[in-house]
Amino acid sequence: MEKGLNVEIICIDKIASTHLFLCDEIRKNKIKKNLAIYALEQTNGIGSRENSWQSSKGNLHLSFCIDEQDLPKDLPLASISIYFAYLLKEILAQKGSKTWLKWPNDLYIENKKIGGIISTKIKNFIIGGIGLNLKYCPENSSLLDIDIKLDELISEFIETLMQKKLWKNIFSKYMIEFEKSKQFNVHYEGKIFSLKDALLYEDGSILLNNKRVYSLR
């Protein structure tokens, strides 16, 4: 266990879901401070649209809760998944990875998914969950394209998160990268839509099929 930058980081050997664990503990008022927890092995991870996230020992299974007041003041709540994902993407890019962020919360290498981010708001906390394929990947997905130590990646991510980088600075870079997403589809209200003609707004939402769609997952 280590402390730093007002976030306590805890590592455990095995858990069903780091994300569900944090959510449950916050609802029970057992967690009242910023906290990050990662598991060396996760048996029942949660992905987008409450799907299961297949993973294995050696991959990144990280969840964290941050008090809303400790996030940048200009960060729209509906765009938190984009914000978290882009911070991680930038760390990986600095280390030589070609990872990019597909709207709204999927990390890709070329045309294959390597990870994803989910976010939830409970009470005054924003809970973020990150899964990343470092050692194992399911069929039709891929692995991170660089070698990186799990604990170092987590420490760097939390450190970056607590720098409170402004959303406007993240968005100015992401709006360029968003063009890559237009080659793909997205699930919305049980249907699949092409992102080819989607328009990106400054709060991270998009105009899709004449509807404003937000990225909070």
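To keep things clear, this report deals only with the structure shown in the data block. (Residues numbered from 1 in each chain as written. Predicted model: local features only at pLDDT ≥ 70, side-chain atom pairs only at ≥ 80, totals over all residues. Heavy atoms only, no water.)

Summed over all chains, the structure comprises 11 salt bridges. Here D106 and K102 are joined by a salt bridge, their closest N and O atoms 3.9 Å apart. Given a relative accessible area of 10%, D106 falls into the buried group. A salt bridge links D203 to R212; the nearest nitrogen and oxygen atoms lie 3.6 Å apart. Owing to a relative accessible area of 39%, R212 belongs among the partly exposed residues under this scheme. Within the structure, one salt-bridge network assembled from shared partners comprises K102, D106 and K113. (Salt bridge = Lys/Arg side-chain N within 4 Å of Asp/Glu carboxyl O. Buried < 20%, exposed > 50% of the residue type's maximum accessible area, 1.4 Å probe, protein only.)

What follows deals with the pairing of strand 9 (residues 112-122). As judged from the 4 bridges shared by strand 8 (residues 106-109) and strand 9, these two strands associate in the antiparallel manner. Considered in strand 9, the bridge of Y108 is made with K113. Hairpin connection of strand 8 to strand 9: 2 residues between the antiparallel strands, including E110 at a positive phi of 55°. Where strand 9 lies against strand 10 (residues 125-132), 8 bridges are found, and the strand directions are antiparallel. Residue pairing for strand 10: S119 is matched across the bridge by G128. Linkage of strand 9 to strand 10, two consecutive antiparallel strands, is achieved through a turn of 2 residues, within which K123 is found at a positive phi near 55°. (Pairing = 2+ DSSP bridges. Helix = DSSP H or I, 4+ residues; strand = E, 2+ residues; numbered from the N terminus.)

We now examine the pairing of strand 10. Within strand 10, 8 of the 8 residues are buried, leaving the element largely enclosed by the surrounding structure. Here strand 10 shows two buried faces, one formed by F125, I127, G129 and G131 and the other by I126, G128, I130 and L132. Bridge count between strand 6 (residues 60-67) and strand 10: 8 bridges; the pairing is antiparallel. Considered in strand 10, the bridge of S63 is made with G129.

The next point concerns helix 3 (residues 150-161). Over its 12 residues, helix 3 runs 17 Å from end to end, which matches the ideal 16 Å to within 8%, given 1.5 Å per residue. Every buried residue belonging to helix 3 is among L150, L153, I154, F157, I158, T160 and L161, and all of these are buried. Looking straight down helix 3, one finds that the buried residues subtend no more than 160° of arc, so they occupy a single side. Check the buried side of helix 3 and you find it contacts strand 2 (7-15), strand 3 (35-42), strand 6, helix 2 (80-94) and strand 10. (Expected span 1.5 Å × (residues − 1). Arc of directions from axis to C-beta. Contact = heavy atoms within 4.5 Å.)

Turning next to the environment of P104. With respect to the helices and strands, P104 occurs in the loop between strand 7 (100-102) and strand 8. A relative accessible area of 1% means that P104 is categorised as buried. Sequence separation between P104 and I80 is 24 residues, and the spatial gap between their C-alpha atoms is 9.6 Å.

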